[in-house]
Amino acid sequence: MVAGSVPYTFEDSVRYACVPGYMPEHTRIDYIISCSNSGKWMPALEQCIDVDECTSDTLPHKCGPRAQCMNTQGSYQCKCTEVGRRSNGTHCVPTSVTCAQLHTANGSWAYTPDTENPSADDPVRYGVVAQLQCLPGFASNQPVAVRCTGGPSWQNASTIDYCQGNNVKVIHMPIDRSKVYRLSDYLQLSSFLHYCQKKFRWHK
């Protein structure tokens, strides 16, 4: 982009600069060009290339220290990692957006960071991550961690098959006083209940 009025005549000089988000390929930000007697600009106009604001010292991003910068063509976006802040595109700004607490039969939810564990039915702040913890004998179809994205939505929460009952298998273990029994030899379950006859006890 050539700044200044037109038309230009021999020996006129102007400052050459690229549109925001781009910079000349071989120089920094902008430079002076002059109209030569051949009717061409000298030095020759450089191609404008995308600036990676995420790594640039010349045009640094403004996401902040608790955010992830992602470069885009001609600009960048901020992925905000700090609880209570969301991206407006190029900045992480405070937000009052919240999510309702999650409730699941046969399980509970732990919120990260730990300081964000709400009380009663208080709303959960934007950016908080909730981890599903099923009760013994129950399991989810996948490891479950969802993020509060507001409105009052939880990211990917609708795709979760929450805590479902496992098949229960009863195993009768033989008792021989001369042997040592290990639970791992008999059980391959995520959780179990056990008891010993009188005068016997389990060793971990």
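Structure shown above.
This structure is a prediction, so every number in the text was calculated from the model and none was measured. Per chain, the residues get numbers from 1 upward, laid out in the order the sequence is written. Local features in this predicted model are restricted to residues of pLDDT 70 or higher, and side-chain atom pairs are both shown and tallied only at a pLDDT of 80 or more, whereas totals for entire chains, interfaces and linings draw on every residue. Remark: hydrogens and water are excluded; side-chain values derive from all non-hydrogen atoms of the structure.

Draft legend 1. Here's a closer look at the overall build of the protein chain. The helix and strand tally for the protein chain stands at zero helices and 17 strands. A fraction of 38% describes how many contacts in the protein chain between residues 6 or more apart in sequence connect residues 24 or more apart. Accessible area for the protein chain stands at about 14400 Å²; split by element, carbon and sulfur atoms hold 52% of it. Helix and strand assignments come from DSSP, with helices taken as H or I runs of at least 4 residues and strands as E runs of at least 2, each series counted from the N terminus. Throughout, a residue-residue contact means that at least one pair of heavy atoms, one from each residue, lies within 4.5 Å. Using a 1.4 Å probe, the Shrake-Rupley method yields the accessible areas, and only the shown protein chains count as cover for residues.

Draft legend 2. Examining the state of the cysteines more closely. In this description, the term disulfide denotes a pair of cysteine sulfurs within 2.5 Å. Per the stated rule, a full pass over the model turns up six disulfides. Residue cysteine 54 pairs covalently with cysteine 69 via a disulfide, S to S 2.0 Å. One disulfide, between cysteine 54 and cysteine 69, carries an S-S torsion of -75 degrees and so falls in the left-handed class. With cysteine 54 in the loop between strand S5 (48-50) and strand S6 (67-72) and cysteine 69 in strand S6, this residue pair connects regions lying 15 residues apart in the sequence. Classification of cysteine 54 as partly exposed rests on a relative accessible area of 24%. Here cysteine 63 is linked by a disulfide to cysteine 78, with a sulfur-sulfur distance of 2.0 Å. Taking the sign of the S-S torsion, about -85 degrees here, the bridge from cysteine 63 to cysteine 78 comes out left-handed. Highlighted residues: cysteine 63 in the loop between S5 and S6 and cysteine 78 in strand S7 (residues 75-80), separated in sequence by 15 residues. In the protein chain, the bonded cysteines, taken in the order they occur along the sequence, pair up as 1-2, 3-5, 4-6, 7-8, 9-11, 10-12. Each residue is placed in one exposure class: buried if its accessible area under a 1.4 Å probe, protein chains only, is under 20% of its type's maximum, exposed if it is over 50%, and partly exposed if it falls in between.

Draft legend 3. Region of the structure containing the pairing of strand S13 (residues 129-134). Strands are treated as partners if at least two bridges between them are detected by DSSP. In this sheet, S13 lies alongside strand S11 (residues 107-112) in antiparallel orientation, the contact comprising six bridges. From the neighbouring strand, alanine 110 faces S13, where its bridge partner is glutamine 131. Note that S13 and strand S15 (residues 145-150) share three bridges and pair antiparallel. Across the sheet, glutamine 131 pairs through a bridge with alanine 145, a residue of S15.

Draft legend 4. Geometry of the side chain of glutamate 53. Within the fold, glutamate 53 resides in the loop between S5 and S6. Beyond its immediate sequence surroundings of up to four residues, glutamate 53 is in contact with Gly21, Leu59, Pro60, His61, Cys69, Asn71, Gly74, Ser75 and Tyr76.

Draft legend 5. Molecular detail of the nonpolar core. The term nonpolar core refers to a set of buried residues drawn from Ala, Val, Leu, Ile, Met, Phe, Trp, Tyr and Cys, joined through side-chain atoms within 4.5 Å. Core analysis: the biggest nonpolar cluster contains 15 residues, and Leu102, Trp109, Tyr111, Ala130, Val146 and Trp154 have the highest contact counts within it. Counting only elements with at least two residues in this core, the list comes to S11, S13 and S15. Cys69, Tyr76, Cys78 and Cys92 belong to the second-largest nonpolar core, a separate cluster that totals seven residues.

Draft legend 6. Highlighting the sheet that holds strand S1 (residues 13-17). If you trace the three strands from one edge of the open sheet to the other, you get S1-S3-S4, paired in antiparallel fashion. The open sheet has two edge strands, S1 and strand S4 (41-42), and neither has a second partner. Sheet topology places strand S3 (residues 30-35) next to S4; two bridges connect them, and they run antiparallel. Bridge pairing in S4 places serine 34 opposite methionine 42.

Draft legend 7. Quick look at the pattern of salt bridges. For this analysis, a salt bridge means a side-chain nitrogen from Lys or Arg found within 4 Å of a carboxyl oxygen belonging to Asp or Glu. In this structure the tally under the stated criterion is one salt bridge. One salt bridge in this structure joins glutamate 82 and arginine 85, with 3.8 Å as the shortest N-O distance.

Draft legend 8. Fine view of the sheet that holds S15. Reading across the sheet, the four strands line up as S11-S13-S15-S16 and stay open at both edges, with antiparallel pairing between neighbours. With partners counted over all chains shown, the strands left at the sheet margins are S11 and strand S16 (153-154), one partner each.

Draft legend 9. Representation of unusual backbone geometry in the model. At the junction of methionine 42 and proline 43, the peptide bond is cis and its omega measures out at -10 degrees in the coordinates. Put simply, threonine 112 and proline 113 share a cis peptide bond, and its omega is 0 degrees. Look at asparagine 106: it is not a glycine, yet its phi comes out positive at around 70 degrees. Along the chain, the position of asparagine 106 falls in the loop between strand S10 (98-99) and S11. Here asparagine 106 falls in the partly exposed class, since its relative accessible area comes to 31%.

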